[in-house]
2 protein chains.
Amino acid sequence: MKNILGRELPNSISGYKAVKPFTGAFESLGEVKKRAVKLQSAISNHQKLLGSIKEALEKCNIKDGMTISFHHHLRNGDYVMNMVLKEISSMGIKDIKVAASSIFPIHEPLVEYMKSGVVTGIYANYISGLVAEAISRGKLKNPAIMHTHGGRARAIESGDLSIDIAFIAAPTCDSYGNINGVDGKSACGALGYAVPDALYAEKAVAITDNLVSYPACPIEISQEYVDYVVQVGSIGDIKGIVSGTTKITKDPVGLKIAKMTSKVIEASGLLKDGFSFQTGAGGTSLAVAAYVKELMQKNNIKGSFAAGGITGYIVEMYEEGLFNALFDVQCFDLKAVESYRNNKGHQGMSASMYGNPHNKGAVVNNLDVMILGATEIDVDFNVNVTTSSNGMIMGGSGGHSDTAAGSKLAIVATQLIKGRLPIVIDSVTTVTTPGETIDVLVTERGIAVNPLRQDLIEKLEKANLPIMSIKELKKIAESMTGVPEKIELDDKVVAVVEYRDGTIIDVVRKIKD
Amino acid sequence: MKNILGRELPNSISGYKAVKPFTGAFESLGEVKKRAVKLQSAISNHQKLLGSIKEALEKCNIKDGMTISFHHHLRNGDYVMNMVLKEISSMGIKDIKVAASSIFPIHEPLVEYMKSGVVTGIYANYISGLVAEAISRGKLKNPAIMHTHGGRARAIESGDLSIDIAFIAAPTCDSYGNINGVDGKSACGALGYAVPDALYAEKAVAITDNLVSYPACPIEISQEYVDYVVQVGSIGDIKGIVSGTTKITKDPVGLKIAKMTSKVIEASGLLKDGFSFQTGAGGTSLAVAAYVKELMQKNNIKGSFAAGGITGYIVEMYEEGLFNALFDVQCFDLKAVESYRNNKGHQGMSASMYGNPHNKGAVVNNLDVMILGATEIDVDFNVNVTTSSNGMIMGGSGGHSDTAAGSKLAIVATQLIKGRLPIVIDSVTTVTTPGETIDVLVTERGIAVNPLRQDLIEKLEKANLPIMSIKELKKIAESMTGVPEKIELDDKVVAVVEYRDGTIIDVVRKIKD
């Protein structure tokens, strides 16, 4: 069958529930249900502090076939997933489903567990490194299920993703399970992605390398939700957890794109008092922030909020009074962690509050402008950030689809050509984010506006910005690179890309060896 | 039938679900379930801000028979319940169940709505004033259901108490439903009792007199849970919301009891580093705090936390470094509000985190010492704080039963005689809190220890404290007052007193006219 974007989906996918094709970005809204939660209530004097991860696994009655979850605030410095899987493997447990909010190169040991049958399923919003490659090569028994950040929260809350045991890497924790991310040697700041896991898993285990006296204030995840606490030597490598500072690009092409993007924002009419904004931690994204900052200062604009993974650069804008508040699901650098610890207006948010389409209103719904990246974008504005152009998984939506759907102006800002390949093509290898939610593409060669946004086209034309159709941009790119050859892939589905509402927006097929 | 305390319960109670007798304070723990929640997910650009309470009622499809809820952080200054019921009444709606965390004299208009059939059911943790009197006189169609603070959270989370529309009095709110209690002219501080309502009600409406630009940081209740926002002129009378300061008693009898209580605490061995403590806002309770403070200073003791409704006096102890943190479900005075706004270690907690027996561990479970009051206490240490000795409802458990069950040392500190009546009697008029969770009774005439606590008896004897049996205390009281006559009540049940686990610990019968 085909979904509404014309993507070919199998009628059924082995190892996956019934196929529900994507029907449009805003089709699923309305009456929804959050699942019931089973739990074991605590008795007085219940001791939560255990001696080892193994003991915690035993107390949680770990069994073949269970789903265990992890959050990715420690990013490529995370030790916790590897430690837990090592124990599970040595206990002889098989057929585990790993629901990690994201998977990084450091999680390479997962590849061996996939091969040995310890791990047979993976849910993640973003997968990079050897695990992504192994999935693409068909090494995982069941197809990986790729969510968006908000979609993962939705899946957990609705029961689509049912977690038996959540493991929460806790930079600071007390013996009764109160957790924060702002203190300790592995401080990573906001813990937004771990919140749905804690609230909805049947069991939750905190793994900490900074056990403090009760209570571990300020509490980000409460004792109400935590069954056990385990102290370990280290939950992660600080070098992989947060960077010292994130930096603006010095590349002239990146700067040109950023400058044009800021002009698009200005011309859109959104850059006025109450302005809200989100951008990533990449060099070009930060350059956009820098130009926006100049414009805000020049025009004396007082913004409402900046959101997202927060960087030191955005903190500076907040501290200069350009924004009223920061909404933070995850801190990207040490300056952001420090601000989250100290600034009252630096507000944490759960993944659900950030981007879940099935609550009473996520933060993305209030975004004016979102700056996005793309690996590929097609002539219908569908964006791929899941696979590379050879079909290999190298990322995933993260908050891409959530913010695109929520924001008033979703801008893809990217070079027109990367690694000798055109970014604009007829049909993307994988659709991550549907074109109906992308408003503008800004490249160094010109700007294309989604024809759905005639209002915007008029505004940008009036501002004399270099507008052209996306097909013209494609032609320019192809004139420099030639038309890329179509890749051939196996029929086997190795990953299912779920849109934020849980419908299938695309599938990823096995790489041909 | 009789429950385990020997209290006579009808086999069935008209207007109440199936009778489940109380079987012991810790019998219900183990596997439990939190209910599924139905909700309407927001679309982008969904406008939450409405023009009036009436419009909110219409948008929420208010209907005969619905259950609507309120929180009591505005206490005897609350305007919100009356405003909402007035609208409902004028819309001609009938048979409404009011689930208010507490009801105060200001809610007197409820009496008329009970008589006219607009309101036919009441759930509350505490009821005083004319509403309590009207219930006692049989004016409410169905029996009132009286919860504990933690038990109400449990009932809401489990589905025992299903809320159609929660009305949240919001001292500060933005147009997308983010709420805090620390700013605005009606600032009341922590909003802990409103949290379960917001999370589990099908619809939630914020009523605010301080609408601020988005976002209303620091956010205590998030936009994820709020459907609509209504701005009104005033949500309450600040004089009834918080007192300027709460003060230590000057009464010599109260001071004597407080001093003895502090000696009991000292002799118990609990007063050491890591000490945790809760007390009420009454003059004698604060005097206990003052003596405890002296002891902590003298012995250089660094406590873990103080909890509860927080007063300025407890804030001073925190600011002097005597406690690591404050757990606050509700601020009792302006100094507490200010501290909650500014001190990082002044930690908010929901009613569930505070006292729900059916989560993975409430704060009360970590309390060392709890200071309680009593209207009556019987020779089995069962305490009544629900009715006066003539059988009239004049209060309710609030956190009484929760803290008694959770704490290591639950002390009832009270005068032996009040209003010419003995406090210690053979059988209390109504059991609020079971004797098995009460450890000590301290009066100005002597101290009685629950025989279940032989360890404590030994310690207090060693400290030369004036210990006697509770029957001896009763005899002393009766020698001064005579034996009080047994009151006669009607058979009709006007209120069901649910223990924190939802079983019936007692019923309240109609006053005979």
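Refer to the structure printed above.
Conventions adopted
Residues numbered from 1 in each chain as written. Chains lettered and ligands numbered in written order. Predicted model: local features only at pLDDT ≥ 70, side-chain atom pairs only at ≥ 80, totals over all residues. Heavy atoms only, no water. Helix = DSSP H or I, 4+ residues; strand = E, 2+ residues; numbered from the N terminus. Rg over C-alpha atoms; globule rule 2.2 N^0.38 Å. Buried < 20%, exposed > 50% of the residue type's maximum accessible area, 1.4 Å probe, protein only. Contact = heavy atoms within 4.5 Å. Areas by Shrake-Rupley, 256 points an atom, 1.4 Å probe, with all protein chains shown as cover. Lys, Arg positive; Asp, Glu negative; His and termini not counted. Charge placed at Lys NZ, Arg CZ, Asp CG, Glu CD. Core = buried A, V, L, I, M, F, W, Y, C linked by side-chain atoms within 4.5 Å. Pairing = 2+ DSSP bridges. Least-squares fit on C-alpha atoms with pLDDT ≥ 70 in both. Buried area = accessible area lost by both parts, 1.4 Å probe. Salt bridge = Lys/Arg side-chain N within 4 Å of Asp/Glu carboxyl O. Polar contact = N/O pair within 3.5 Å; in protein donor to acceptor, adjacent residues only side chain to side chain.

Give a description of the overall build of chain A that names residues and reports values.
In terms of helices and strands, chain A carries 15 helices and 28 strands. Here chain A has a C-alpha radius of gyration of 22 Å; the compact-globule value for 513 residues is 24 Å, and the two agree. Each principal axis of the C-alpha atoms in chain A carries an extent, and together these give about 70 × 55 × 45 Å. With 513 residues in all, chain A has 64% of them scored as buried. For chain A, the share of sequence-separated contacts (at least 6 apart) that also reach a separation of at least 24 residues comes to 72%. Counting only carbon and sulfur atoms, one obtains 48% of the accessible surface of chain A, whose full area is about 17500 Å². Between the averaged position of the 54 positive side-chain charges in chain A and that of its 56 negative side-chain charges there is a distance of 1 Å.

How would you explain the side chain of Thr-386 of chain B if you had to name every residue and give the values?
Residue and element names in this part refer to chain B. Along the chain, Thr-386 falls in the loop between β20 (383–384) and α13 (400–406). Among the residues examined, Thr-386 registers a relative accessible area of 1% and is labelled buried. Sequence-distant contacts of Thr-386, that is, excluding residues within four places in its chain, are made with Met-146, Met-392, Ile-393, Met-394, Gly-395, Gly-396, Ser-397, Thr-430, Thr-432, Val-497 and Val-508.

Can you break down the nonpolar core residue by residue, with the values?
Grouped together as the largest cluster of nonpolar side chains are 145 residues, with contacts concentrated most on Ile-122 and Phe-277 of chain B. No other element matches the 9 residues that helix α9 (residues 283–298) of chain B contributes to this core. Apart from the residues lying within four places of it in its own chain, the contact partners of Ile-122 of chain B are Val-98, Ile-103, Leu-110, Met-114, Ile-127, Val-131, Ile-135, Leu-140, Pro-143, Ala-144 and Ile-145 of chain B. Core analysis: the next-biggest nonpolar cluster, separate from the first, contains 142 residues, Ala-206, Ile-257, Leu-270 and Phe-277 of chain A among them.

With reference to specific residues and values, describe the sheet that holds strand β10 (residues 179–180) of chain A.
What links the strands of a sheet is backbone hydrogen bonding, and the strands pair in either a parallel or an antiparallel sense. Residues and elements named next belong to chain A. Taking strand neighbours across the sheet as the criterion, the 3 strands line up as β10-β9-β12 in an open arrangement whose pairing is mixed. Across the chains shown, the open sheet's two edge strands, defined by having one partner strand only, are β10 and β12 (211–212). As paired elements, strand β9 (residues 172–174) and β10 share 2 bridges and run antiparallel to each other. The partner of Thr-172 across the bridge, within β10, is Asn-180.

Describe the relation of the copies chain A and chain B, listing the residues and the values that go with them.
Its rotation angle being 180 degrees, the transformation that places chain A on chain B also includes 0.0 Å of axial translation and leaves an RMSD of 0.0 Å. On this basis, the relationship between the two copies can be described by a two-fold rotation axis. Measuring from the rotation axis to each C-alpha of chain A, the shortest distance belongs to Ala-36 of chain A, at 2.0 Å. The residues that chain A uses at the interface reappear at the interface of chain B in 100% of cases, marking a shared surface.

How would you sum up the interface of chain A and chain B? Please name residues and give values.
Counting residues at the interface gives 63 residues for chain A and 63 residues for chain B. When chain A packs against chain B, the two sides together hide about 5000 Å² of surface, and 51% of this comes from carbon and sulfur. Taken together, chain A and chain B are joined by 2 salt bridges. Linking chain A to chain B there are 32 residue pairs in polar contact (both at pLDDT 80 or more). Mapped onto the side of chain A that touches chain B, the elements with two or more residues apiece are β1 (31–34), β2 (37–40), β11 (203–208), β15 (303–310), β16 (323–331), α11 (334–342), α12 (351–355) and α13 (400–406) of chain A.

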